[in-house]
Amino acid sequence: MTQQQFPQDFLWGGAVAAHQVEGGWDQGGKGISICDVLSGGSHGVDRVMTDGVQPGYSYPNHEAVDFYHRYKEDVALFAEMGFKCFRTSIAWTRIFPNGDELEPNEAGLQFYDDLFDELLKHGIEPVITLSHFEMPWHLVKQYGGWLNRKVVDFFVRFSEVVLRRYQHKVKYWMTFNEINNQRTWNYPLFGYCCSGVVFTDHEKPEQAMYQVMHHQFVASAKLVELGHRINPDFQIGCMIAMVPIYPFSCHPDDVMFAQEAMHRRYVFSDVQMRGYYPAYTLNEWARKGYHIEMEAEDEATLRNGCCDYIGFSYYMSNAVQANTKGEGDSITGFEGSVPNPHVKASDWGWQIDPVGLRYSLNILYERYQKPLFIVENGFGAIDKPNADGFIEDDYRIDYLSAHIEQMKKAVLEDGVDLMGYTPWGCIDCVSFTTGQYNKRYGFIHVDKNDDGTGTMARSKKKSFAWYQQVIASNGEQL
Ligand code: BGP
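Residues numbered from 1 in each chain as written. Predicted model: local features only at pLDDT ≥ 70, side-chain atom pairs only at ≥ 80, totals over all residues. Heavy atoms only, no water.

Caption draft 1: Layout of unusual backbone geometry. In this structure, Phe 133 takes a positive phi of about 60° despite not being glycine. With respect to the helices, strands and loops of the structure, Phe 133 is situated in the loop between β3 (125–131) and α5 (137–143). When its relative accessible area of 2% is taken as the criterion, Phe 133 is described as buried. Look at Gln 369: it is not a glycine, yet its phi comes out positive at around 55°. In this structure, Gln 369 sits in the loop between α12 (354–368) and β12 (372–376). (Helix = DSSP H or I, 4+ residues; strand = E, 2+ residues; numbered from the N terminus. Buried < 20%, exposed > 50% of the residue type's maximum accessible area, 1.4 Å probe, protein only.)

In C-alpha cells form, the structure reads like this:
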C-alpha cells in the first residue's frame, strides 16, 4: 500500500528529561541523583562528577528550568503548539530517593500523576523514559552502579511501581535513554550518566562496560515482560543514540572499518529487539578473553522481553577512516573519526546531516522491521534576542525543516513505519554534555543564563509558530 500523506495519528511533540528541566532537586522527598552531583561545564570544559554536593561548584540541574513548579504553564504552551505527545522521564530519585528502599515516596508519585493529568487534559500523550541519566547517587556510592547485579532488582522494583501506578495514563514507554552512549567507554561522562560507572577506573574497562550492558539488558527485558502483563496495550521501546558511521572513502578497508564500528553500537538494539546476543559480540568476547557474568535464566529472560519499537535520537553522522588515529573517542566522534568535508558542524562540533536521518530510518527499519520513533533531534545554539527581545531562530527552523523533509521521504517514499517525532529540548533546558543553559534547543525560550542571571520567564521564539504550523498541517508546511 502506498502512502501519500503522513499518518493522521502521527505523534508530533517534543522531548526533555526530568533532570534537565525539573529542578526541585531536594523537594517532595526527592533523593540525590547522579546529575545532582554533576557540575556545570562548557564546550571544551568537562563537567565534574563530585563526591556528593560540594561547596565551590555550581550544579545547574538543581534548579534546571524549574519545570517542577512551572509545568502547568509549560504544558499549556506545548498544547498551544499542538503537541500530540510529550516525552519526559520519571526521576527515579523522586520515587525511590536512594534507590534501595522497599516502599516508594508518595509525594514523588503524586507529582507525576499531576503532570500526566495536566498533559492528558490538553490531549497530550505522555511518552516516558524510565532511565534518562538520573539514577540515585546512593546506588553509585554504595553499590558501584550498574556493575552490581543488585541494581537490576532495584530498577525493576522502581519500574514496576510506576508501570502499575500510571497504567491508565501512560501507554508509550522507553527503558534506557541512549543506552549505547556508554559504548564510548573511555569518555567518562557517558558511562557515568548511563550506568553510574566510570569504566576507566576498572582494570578491564571494556569488559566492565559489557557487564553493565548485560545487566541493563536483563532489567529491560524483565520490565518489558512485566509491563505487557500489567497492560497488554503498553508500547515499550528501547532507545539508542543513532549516529550513522560512514566510511570516509570507498576503500574496502574504510567500508569494513565503518561496519565494525556500527556493530559495536548495534549490539544494544540487536539484543533489546531480537532477544539474543549477536555472533559478532560473542566472538569479540572470546577473542579478547572477556568474561561476562550471567545467570542461568538470563537467556530466557532476554528472549521473552523484546522491545516493541526502537526509539532513537538523531543529531549527527560520523565518518571514519581505517588505519588512522582520527579524532578518537569523544562526545562527537568514535575511533577513527575524521571530519566529513561534505557536511557542516554546529558550534559544538556536531556534524549536521539531514540525509543521514533518512538513511538511519532506512537501515534501522531494514534491520528490525519494527516501528521507529524519533524521540530526539535538534539544534543546540546560542540564541540572541533582537532589539525587541524576540529570538529569530531561523537556523533552528532550517535545521529542523531539513530533517523533517528527509523524515517524510523515509515514510512516504521508502515506506518506513514511523510512530512520531519529538524534537529535543522543546523548551530550553540544561545541556546534558556541557551542563550549559546557553546551549539552547527550545521553541520556548527560558530566561536563564550560564552566569546565573535570568528570571526563568518563558517566551516564544520564532520557531514556536513555525512548529505549530508544521503540526497543524501534519508536516505539509515546513
Ligand atoms: C542526548 C541526550 C539528551 C540531550 C541531548 C542533547 O544525548 O539524550 O539528554 O541533552 O543529547 O545533548 P546536549 O544537551 O549535550 O546538547
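Caption draft 2: Main features of the nonpolar core. In terms of nonpolar packing, the biggest core is built from 147 residues, with Phe 78, Trp 173 and Met 407 touching the most fellow members. Here this core gets 13 residues from one element, more than from any other, and that element is helix α8 (residues 205–230). Apart from the residues lying within four places of it in its own chain, the contact partners of Trp 173 are Ile 90, Ile 128, Leu 130, Val 162, Leu 163, Tyr 166, Phe 234, Gln 235, Ile 236, Gly 237 and Tyr 309. Residues Leu 11, Val 127, Met 174 and Phe 373 belong to the second largest nonpolar core, which totals 10 residues. (Core = buried A, V, L, I, M, F, W, Y, C linked by side-chain atoms within 4.5 Å. Contact = heavy atoms within 4.5 Å.)

Caption draft 3: Local environment of the sheet that holds strand β8 (residues 318–320). What the three strands build is an open sheet, ordered β6-β8-β9; its pairing is mixed. Two strands close off the open sheet at either side, each with one partner strand: β6 (245–247) and β9 (337–338). Direction of pairing for β6 relative to β8: parallel, over a ladder of three bridges. Bridged to Tyr 246 within β8 is Ala 319. In this fold helix α9 (residues 252–274) packs onto β6 and β8, with an angle of close to 165° to the strand it touches most, β6. (Pairing = 2+ DSSP bridges. Axes fitted to C-alpha atoms, helices over the stretch in contact; angles between N-to-C directions.)

Caption draft 4: Summary view of helix α7 (residues 188–195). With seven of its eight residues buried, α7 lies for the most part within the structure. At its buried positions, α7 is contacted by α5 and α8. Backbone geometry just downstream of α7 places Gly 196 in the positive-phi region, at approximately 70°.

Caption draft 5: Geometry of the packing of helix α2 (residues 67–81) against helix α14 (residues 462–472). Axis separation between α2 and α14 bottoms out at 8 Å; the angle between their running directions is 55°. Accordingly, the angle class assigned to the pair α2 and α14 is oblique. Where α2 abuts α14, its residues Leu 77, Glu 80 and Met 81 lie against Phe 464, Tyr 467, Gln 468 and Ile 471. (Parallel < 35°, antiparallel > 145°, perpendicular 65-115°, else oblique.)

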